[in-house]
Amino acid sequence: MTSETTEAPVAAEAEELPHGLGATLPAVEARAKTEGTFPYAADLWAEGLLWAAVLRSPHAHARVVSIDTTHAREMPGVRAVITHEDVPGGPLAGHRTSDRPLFASEVVRHHGEPLAAVAADHPDTARMAAAAIIVEYEILEPVTDPEKAFAAEPLHPDGNLVRHIPLRHGDLEATGEIIVEGLYRIGRQDPAPVGAEAGLAVPRPDGGVELYIASTDPHGDRDVAAACYGLAPDRVKVVVTGVPGATADREDQSFQLPLGLLALRTGCPVKLTASREESFLGHPHRHPTLLRYRHHADGDGKLVKVEAQILLDAGAYADTSSDALAAAVAFACGPYVVPHASIEGWAVRTNNPPSGHVRGEGALQVCAAYEAQMDKLAKKVGIDPAELRMRNVLATGDVLPTGQTVTCPAPVAELLDAVRDFPLPALPKDTPEEDWLLPGGPEGAGEPGAVRRGVGYGIGMVHLLGAEGADEVSTATVKVHDGVATVICAAVETGQGFTTLARQIVQETLGIEEVHVAPVDTDQPPAGPGCRGRHTWVSGGAVERAAKMVRTQLLQPLAHKFGMSTELLQIADGKITSYDGVLSTTVEEAMDGKELWATAQCRPHPTEPLDAAGQGDAFVGLAFCAIRAVVDVDIEIGSVRVVELAVAQDVGRVLNPGQLAARIEAGVTQGVGAALTENLRTPKGIVRRPDLTGYALPTSLDAPDIRIVKLVEERDVVAPFGAKAAGTAPVVASPAAIASAVRAATGRPVNRLPIRPQAAVVTAPSASSLGAPPESTA
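Residues numbered from 1 in each chain as written. Predicted model: local features only at pLDDT ≥ 70, side-chain atom pairs only at ≥ 80, totals over all residues. Heavy atoms only, no water.

**What about the sheet that holds strand E4 (residues 78–82)?**
Reading across from one edge, E4-E8-E2-E15-E12-E13-E14 is the order of the seven strands in this open sheet, with mixed pairing throughout. On the outer flanks of this sheet lie E4 and strand E14 (236–240), each paired with one strand and no other. Across this sheet, the average inter-strand angle for adjacent strands is 20 degrees, counted without regard to direction. As paired elements, strand E12 (residues 198–203) and strand E15 (residues 270–273) share four bridges and run antiparallel to each other. Each bridged residue has a counterpart across the sheet, and for Gly199 the counterpart in E15 is Leu272. Sitting on the sheet, helix H5 (residues 218–229) is in contact with strand E13 (209–213) and E14, with an inclination near 145 degrees to E14. Sitting on the sheet, helix H6 (residues 253–266) is in contact with strand E2 (50–56), E4, strand E8 (114–120), E12, E13 and E15, with an inclination near 125 degrees to E4. (Pairing = 2+ DSSP bridges. Helix = DSSP H or I, 4+ residues; strand = E, 2+ residues; numbered from the N terminus. Axes fitted to C-alpha atoms, helices over the stretch in contact; angles between N-to-C directions. Contact = heavy atoms within 4.5 Å.)

The structure is reproduced here in structure tokens:
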């Protein structure tokens, strides 16, 4: 994979800045990670350590008749065996909705649901003891089709319907001269973290417990754990270990919660390191989604009305499905002006594995569908797909179907223009390459004469921070002593670069080059979960405010001495100077051995829940991304090669050019997986081949050339620094763009993700290659 930035407004400045905002500052932990010395949860050790194993259900739906732990308890080396009977704080857990038992008791609702856990002297002993637990099941027929969940018997005491949102906007009787319809399906994408789940629980002398885990929401995890253990929150401490990448919230409660119970039961430290199979079975996945759409437009292609039905498969438990549904319904029309809309959205429980937060939840699914509709509409109107989009794009001041006015920068037209006008890559027949450039790679069965090239577009939109009244707040402390600054903030570094950003903020504000970010634990004030760009906005804002308060403490004595305002003093490169040059000193001299510190909070403006008609100011901010995909498709065997993805993104302000490019590249590549290869198959609710051979992640050979052609820096005035989160929007837009390009190459409808080979096969290809696509055979 290669990346090329053709327009990056701060690139020249970044070379001149040794540190601070706008510079490409490398991550502190980069060397340790590349050398293999960075401490992850799987590396932890403690004196007297025991090992844990979890027994999981082999069935998708079954009644639990009995659980016999006798043989497991009698095995040499086994120190504890726990089931639902040993959960003191109540049966339910969950971050957003507390509807999930820690251990199944009367009924099993999904494949891989935990029933018991074991602690033993050796990991093999723990696994054998878990396998020795005898569970008698009465197999029940699983409900795996979300459409059948409405009429099925309740799978959960709370019923099968998690949430229903009926959005109504404008005149519901309005119709358009031109109408296009479509039915779309989005598969189950797994977060597939680089490192599988692991953790260590250590009992405390006061009867509490410490959990050392790769949490992205330590205070949320602490509160859930305390409720399950029957303890006060202050008796449970979560210490965040190195997070081996997180494209989701790492909502691995079935791993971390049993550890604390086992540590409390045995009085010993207990460690668990999940296998890859356990990882696939234990954590939530992207919501599989069924979408029905009808677009109305006038003769020129201007949208009149959008009608849609969106059905999210929540799996066995609710988790974050309510949040995902809100995003799906709110963004169902995409970044386009739609005067009238009627959107019905449902999230339902099934006996499939639980769905949860994965980057772009809700937004990715609807983007694939509405962009397919825009391609259909362009064909029916008879105009270029990019031109049709340009006639309908959203801008600042327009109104979303939720009734919320877009007050933040929304340069959608500028983004689309940038990718549309970017030069197309050369055709292989013009610049001959090796055969591995053909779809299918070096061993592929494809023939050059069957290869067609297609160009397609995808425009994605996502919301920033939480939504619908979520209290988004973060707290940070900045301390300065002996020329060294320390940032204390419970914002977890998940790979998004917060620790680097925190250092840059303090360097910029205080002129101190050496800045350390303290490890995260729940003794610190909460900062919230690490998703939806929260920490760039909320935690970065808190760090900035605390640093500015320290700056005032530093400058006030000097300003008073020289009879001027602190606003007339500036700090740069470790020096303090006045506007007139009278005052010039170093930060170290001004500190004079003192210790300065300040604590501050950042809380964005409040939002509100969507009402009964799907209306309300539910989002703090929005971000947009346009992608043009170029693909080569072998229309005889259906193999697809993504040649290039040209990206233009609305970023607000570039804070770290190198880090920003890496975030965009990673998001685009994750979207390539959703478009072409990643689909966790669950026939009859059973996860099929839960490993990295059965689940096809994109490799370096699958990653296309990624061209970052434009970064629009139109600052959002309500966001700290004016910056927007960058990692999620390209995940949302790239699958839609790739599907659009495959449609252009083949003429086929391509109505599901990931794209199956048979969807890209043209039954009667013409003799020419790499030319115009054949007529649709749909």
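Next, the rest of the story.
**Considerations on the packing of helix H12 (residues 498–510) against helix H13 (residues 534–562)**
Where H12 meets H13, the axes come as close as 9 Å, and the angle between the chain directions of the two elements is 30 degrees. Of the possible angle classes, the one that applies to H12 and H13 is roughly parallel. Two packed elements cross with a definite hand, and for H12 against H13 that hand is right-handed. In contact with Phe498, Leu501, Ala502, Ile505, Val506, Thr509 and Leu510 of H12, H13 contributes His535, Thr536, Ser539, Gly540, Val543, Glu544, Ala547, Lys548, Val550 and Arg551. (Parallel < 35°, antiparallel > 145°, perpendicular 65-115°, else oblique. Left-handed = near helix turned anticlockwise from the far one by under 90°.)

**What about the side chain of Ser321?**
Looking at where Ser321 falls in the secondary structure, it is placed in helix H8 (residues 321–330). Polar contacts involving the side chain of Ser321 include one to the side chain of His287, which spans 2.8 Å. If we skip the residues at most four places from it in the chain, Ser321 touches Val162, His287, Leu312, Ala314, Ala347 and Ser355. (Polar contact = N/O pair within 3.5 Å; in protein donor to acceptor, adjacent residues only side chain to side chain.)

**Details of a negative patch on the surface**
Together, Asp482, Glu588, Glu589 and Glu595 line one region of the surface with negative charge. Tracing the backbone through its elements, the reader meets Asp482 in the loop between strand E20 (474–481) and strand E21 (484–489). (Patch = residues over 30% accessible without salt bridge, like charges linked within 9 Å, V, L, I, M, F, W, Y side chains within 5 Å. Areas by Shrake-Rupley, 256 points an atom, 1.4 Å probe, with all protein chains shown as cover. Salt bridge = Lys/Arg side-chain N within 4 Å of Asp/Glu carboxyl O. Lys, Arg positive; Asp, Glu negative; His and termini not counted. Charge placed at Lys NZ, Arg CZ, Asp CG, Glu CD.)

**Let's talk about the environment of Leu610**
In this fold, Leu610 is placed in the loop between strand E26 (596–602) and strand E27 (619–634). The sequence separation of Leu610 and Gly182 amounts to 428 residues, and the corresponding C-alpha distance is 26 Å.

**Examining the pairing of strand E18 (residues 340–349)**
Of all ten residues that make up E18, ten are buried, and the element is covered over most of its length. Of the two faces of E18, the one lined by His340, Ser342, Glu344, Trp346 and Val348 and the one lined by Ala341, Ile343, Gly345, Ala347 and Arg349 are each fully buried. Pairing between strand E17 (residues 303–315) and E18: ten bridges, direction parallel. Across the sheet, residue Lys305 finds its bridge partner in E18, namely His340. As for the winding sense of the linkage, the β-α-β connection from E17 through H8 to E18 is right-handed. (Buried < 20%, exposed > 50% of the residue type's maximum accessible area, 1.4 Å probe, protein only. Right-handed = clockwise from strand over helix to strand, strands pointing away.)

**So, the nonpolar core**
Counting 166 residues, the largest nonpolar core has Tyr293, Ile343 and Ile738 as the members making the most contacts within it. Looking at which element gives the most residues to this core, the answer is helix H9 (residues 363–381), with twelve residues. The next biggest cluster of nonpolar side chains, apart from the first, holds 32 residues, and it includes Val87, Phe103, Ile213 and Leu272. (Core = buried A, V, L, I, M, F, W, Y, C linked by side-chain atoms within 4.5 Å.)

**A short note on helix H4 (residues 123–132)**
Among the residues of H4, those classed as buried are Pro123, Thr125, Ala126, Ala129, Ala130 and Ala132. On its buried side, H4 packs onto E2, strand E3 (62–68), helix H3 (70–74), E4, E8 and strand E9 (134–139).

**Quick word on unusual backbone geometry**
Residues other than glycine predominantly adopt negative phi, and peptide bonds predominantly adopt the trans conformation. The step from Leu753 to Pro754 runs through a cis peptide bond, and the omega angle for that step is -5 degrees. You can see Pro754 is positioned in the segment after strand E30 (752–753). The residue Phe721 is not glycine, and still its phi comes out positive at about 65 degrees. Summarising the element assignment, Phe721 is placed in the loop between strand E29 (705–712) and helix H16 (729–746).

**A word on H16**
With 18 residues, H16 extends 27 Å between its outermost C-alpha atoms, agreeing within 8% with the 26 Å of an ideal straight helix rising 1.5 Å per residue. Burial runs high along H16: 17 of the 18 residues are buried. One or two residues past the end of H16 sits Gly747, with phi positive at roughly 75 degrees. (Expected span 1.5 Å × (residues − 1).)

**With respect to the pattern of salt bridges**
This model, assessed by the stated rule, comprises 34 salt bridges. Here Arg168 ties to Glu344 by a salt bridge, and the two come within 2.2 Å at their closest N and O atoms. Taken together, the positions of Arg168 in strand E10 (residues 161–169) and Glu344 in strand E18 put the pair 176 residues apart, joining distant regions of the chain. Take Arg168: its relative accessible area is 28%, and that puts it in the partly exposed class. Across the pair Asp471 and Arg603 runs a salt bridge whose closest N-O atoms are separated by 2.8 Å. Within this pair, whereas Asp471 is found in the loop between strand E19 (451–467) and E20, its partner Arg603 is found in the loop between E26 and E27, the two being separated by 132 residues in sequence. For Asp471, a relative accessible area of 52% corresponds to the exposed category. Taken together, the shared-partner salt bridges connect Glu371, Asp375, Arg389 and Arg743 into one network.

**A word on the sheet that holds strand E25 (residues 584–586)**
Ordered in space as E23-E24-E25, the three strands form an open sheet in which the pairing is antiparallel. A single partner strand is all that each edge strand has here, and the edge strands are strand E23 (569–572) and E25. Shown here is a sheet whose adjacent strand axes are inclined to one another by a mean of 25 degrees, direction ignored. Contacting E23, strand E24 (575–578) and E25, H13 runs over the sheet at an angle of about 130 degrees to E23.

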